[in-house]
Amino acid sequence: MSDSDLAGLRERAADGDRDAVDQLVELAGERGDLAELRQLAEDGNADAAAQLVELATELGDMNELRRLADRGDRDAADQLVELAAERADVGELRRLADGGNRDAADVLAELTEEDDEGE
């Protein structure tokens, strides 16, 4: 898709064309365009928000997942806990647990228990 086609698609989306918005979400996901997805999600598009979480997870983008989770996105929080667990990132798990995330607290307890057993 050319830059002018993309600009036209964005213009149609801005004018409320749902098909254009859907196309933008799909194209942004295919291109790995976090910025475009972020903008569409901030405009209230749930599909863009879901695609943003999926892409950030695929990229291992903890900062983006953290930003989304801190804004209340439950899917992003779940993915952040999963990535932090895979990386044994105790600091991130503790931050999430301190913020009330029960899943993070459970994983943190498991990691701590494993560390205690290993000593």
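Residues numbered from 1 in each chain as written. Predicted model: local features only at pLDDT ≥ 70, side-chain atom pairs only at ≥ 80, totals over all residues. Heavy atoms only, no water.

With that settled, consider the environment of Leu55. By the element assignment, Leu55 lies in helix α4 (residues 46-59). Residue classification places Leu55 among the buried residues on the basis of a relative accessible area of 6%. Expressed as a C-alpha distance, the spacing of Leu55 and Glu11, which sit 44 residues apart in the sequence, is 24 Å. Excluding anything up to four places from it in sequence, Leu55 contacts Gly32, Asp33, Leu34 and Leu37. (Helix = DSSP H or I, 4+ residues; strand = E, 2+ residues; numbered from the N terminus. Buried < 20%, exposed > 50% of the residue type's maximum accessible area, 1.4 Å probe, protein only. Contact = heavy atoms within 4.5 Å.)

What follows concerns the nonpolar core. By size, the foremost hydrophobic cluster in this structure holds 36 residues, and its most contacted members are Leu37, Leu65 and Leu93. Those elements that provide at least two residues to this core are α1 (3-14), α2 (18-31), α3 (34-42), α4, α5 (62-70), α6 (74-86), α7 (90-98) and α8 (102-118). Look past the residues within four positions of Leu93 in its chain and what remains in contact with it is Val81, Ala84, Ala85, Ala104, Val107, Leu108 and Leu111. (Core = buried A, V, L, I, M, F, W, Y, C linked by side-chain atoms within 4.5 Å.)

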